[in-house]
Amino acid sequence: MRLIRRKAKTLLLLFILFIILGYLLLHSRRHDPMKEFDYGMYGKDDHDHISVDTDYNDPFESFLIKDLKVHNKIKDHTCLEQRNFVFIKTMKCATQTMVQILRRFGYRRHLNFVLPKGNNIYIGWPYIPEPQDYRKSSQGFNALVEHSVYNETVMKNMMPVNTRYVTILREPFSQFKSAFHYFNVANITKMKPSKDQVFDYLHNLESYEHFYKSSQTATIRYCIPDGFSVTKNMLSHCLGMPLGFPAGRENIASDFAKVQEYISTLDRNFMLVMIMEYFHESLVLLKRLMCWSLEDIIYHTTNVGVYSYKNKPADPDSLKIYKQWSHLDFILYDHFNRSFWKKVEKQGKDFFEEVKEYNTIQEQVSKFCSDLGDGENMLRIPASSFSNEIEIKKDYCMMLGVDLLTFLKTRSEREEEWPDTATQQQGTKRGC
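Keep in mind that what you see is a predicted model, and the values were worked out from it rather than measured.

**Observations concerning helix H4 (residues 172–182)**
So, point 1. Most of H4 is tucked away, with nine of its 11 residues classed as buried.
So, point 2. Restricting attention to buried positions, one finds in H4 the residues Pro172, Phe173, Ser174, Gln175, Phe176, Lys177, Ser178, Ala179 and Phe180.
So, point 3. Tucked inside the fold, the buried residues of H4 contact helix H5 (185–188), helix H6 (197–202), helix H8 (234–238), helix H11 (316–325) and helix H12 (327–346).
So, point 4. Capping of H4 at its N-terminal end is provided by Glu171; its side-chain oxygen lies 3.1 Å from the backbone amide nitrogen of Phe173.

Dropping the structure here:
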């Protein structure tokens, strides 16, 4: 009986999602842009409230935050939340979950996102972003969260002066296993079935790596261009370290002094480098540094890979090989793991009290949203020293689970009044 009820809830959820998406498709070509909207560029408008065209037909209209300036509780004071940010979405580091949080934050406040052209989901990745990779905007940008390679010059020219830069790292061997699975390395390199394909790959690294990157596998690698490694120093590449890709770019991998200098530059430019193994601590620290609310960092886990070797400890030989192969990622991770805890230490003793409260709230919301057909329609979480009262409705749970990239694209297409060709990528397609 419980199984039947669970299936019914799942069908109900899918039906509601189908209705919302169908509605968006039906109305996506109507050009009725929002009026009198300021995209959150503080200091450039005296108004404290956004006037929005009520004919916009937003399925999440009731959850939009129309105040231009929002103050939140941080420790023993209130402050103004920050709305201009870049999140470098490193590969296979819980970044899809993070991006869902960030898209929701921006969608509710009607921020202007840097969005991929056409049906793409990357902004040029694994190449440095170029204008052909993203949709232009007459309003200026507030946020960039889709897959893109960090480049200081490009992003400073693209984003406001007060933009905060954030990213996340994962223990490199764990990240490697996830990438190995996600990019279908074993099948593409035609590895024979075995008890430990990760072991086999690392002990025959050069031959498998060469074959994976060659033009022979180009048609089945989908988003990965020839010559690009999905197993070597991926984290460093996503953060823009020059490693010889694409051909002709400088490669500093063997120059320790240049590597250290580059990491120091990242340390200066990034407000926060989160650590995936301490995800909730990272989110609470992000919340404090950005002056956001606990509600803003509630999430629904997405895109979690399941594979047999996910939690299998690395054997010493394989780990040694991978540390030599992807040594820059280990240097990068060790550096920012240390700097992360230094930032936490500066927060004071109440930091872990807030993490504990956040864990409780996250658990409550997850349980509430998993029972879409049962119980009360509203979850009320009392105010505390870390948060105002939080109210979660059943239909808000839908927003937690929906991929908002499509919604952001639909909204911006209507407001910019683009012709169909304006959102399409011109020239040779790069990435996905």
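**Structural notes on the state of the cysteines**
So, point 1. By the definition in use, this model includes three disulfides.
So, point 2. One disulfide in the model links Cys79 with Cys291; its S-S distance is 2.0 Å. Handedness here is read from the sign of the S-S torsion; for Cys79 and Cys291, about 110°, the answer is right-handed. Of this pair, Cys79 sits in strand S2 (residues 77–80) while Cys291 sits in the loop between helix H10 (279–290) and H11, placing them 212 residues apart in sequence. For the pair shown, Cys79 and Cys291 are each scored as buried.
So, point 3. For the protein, the bonded cysteines connect in the pattern 1-3, 2-6, 4-5 when numbered consecutively along the sequence.
So, point 4. The structure places no disulfide on Cys238, whose sulfur is separated from the nearest cysteine sulfur, that of Cys93, by 7.7 Å.
So, point 5. Among the residues examined, Cys238 registers a relative accessible area of 0% and is labelled buried.

**Quick look at the packing of H10 against H12**
So, point 1. Close contact between H10 and H12 brings their axes to 11 Å; oriented N to C, the two are set at 55°. Accordingly, the angle class assigned to the pair H10 and H12 is oblique. The hand of the H10/H12 crossing is left-handed. For the pair H10 and H12, the contacting residues are Glu281, Ser282 and Leu285 in the first and Phe340, Lys343 and Val344 in the second.
So, point 2. Class assignment for the residues of the contact of H10 with H12 results in three nonpolar, one polar and two charged.

**Overview of the pairing of strand S7 (residues 378–381)**
So, point 1. Residues Leu379 and Ile381 line the buried face of S7, whereas the alternating positions Met378 and Arg380 sit on a face that is not buried.
So, point 2. With four bridges connecting them, S7 and strand S8 (residues 390–393) associate as antiparallel partners. Bridge pairing in S8 places Ile381 opposite Ile390.

**Description of the environment of Asp350**
So, point 1. Tracing the sequence through the fold places Asp350 in helix H13 (residues 350–370).
So, point 2. The exposure class assigned to Asp350 is partly exposed, which follows from its relative accessible area of 21%.
So, point 3. Taking the C-alpha atoms as reference, Asp350 lies 7.7 Å from Lys75; in sequence the two are 275 residues apart.
So, point 4. Non-local contacts of Asp350, meaning those with residues more than four positions away in its chain, are made with Lys75, Arg288 and Phe386.

**A look at the sheet that holds strand S3 (residues 85–88)**
Each strand in a sheet pairs with another by means of backbone hydrogen bonds, the pair being arranged parallel or else antiparallel.
So, point 1. Judged by pairing direction, the sheet is parallel, and its four strands sit side by side in the order S4-S3-S5-S6 without closing on themselves. One side of each edge strand has no neighbouring strand; the edge strands of this open sheet are strand S4 (143–144) and strand S6 (272–275).
So, point 2. Of the strand pairs in this sheet, S3 and strand S5 (residues 164–169) are connected by four bridges, and their pairing is parallel. Paired with Phe87 across the bridge in S5 is Val166.
So, point 3. Strands S3, S5 and S6 of the sheet are contacted by helix H2 (residues 95–108), whose axis makes an angle of about 165° with S3.
So, point 4. Here H10 sits on the sheet in contact with S3, S5 and S6, set at roughly 160° to S6.

**Some points on the side chain of Arg109**
So, point 1. Positionally, Arg109 belongs in the loop between H2 and S4.
So, point 2. The exposure class of Arg109 is buried, given its relative accessible area of 2%.
So, point 3. Looking at Arg109, its side chain comes within polar contact range of the side chain of Asp296, at 3.0 Å.

Thresholds applied
Residues numbered from 1 in each chain as written. Predicted model: local features only at pLDDT ≥ 70, side-chain atom pairs only at ≥ 80, totals over all residues. Heavy atoms only, no water. Buried < 20%, exposed > 50% of the residue type's maximum accessible area, 1.4 Å probe, protein only. Helix = DSSP H or I, 4+ residues; strand = E, 2+ residues; numbered from the N terminus. Contact = heavy atoms within 4.5 Å. Polar contact = N/O pair within 3.5 Å; in protein donor to acceptor, adjacent residues only side chain to side chain. Disulfide = S-S within 2.5 Å. Axes fitted to C-alpha atoms, helices over the stretch in contact; angles between N-to-C directions. Parallel < 35°, antiparallel > 145°, perpendicular 65-115°, else oblique. Left-handed = near helix turned anticlockwise from the far one by under 90°. Nonpolar A, V, L, I, M, F, W, Y, C, P; charged D, E, K, R; others polar. Pairing = 2+ DSSP bridges.

Fair warning: the whole summary comes from geometry, so function is off the table for now.
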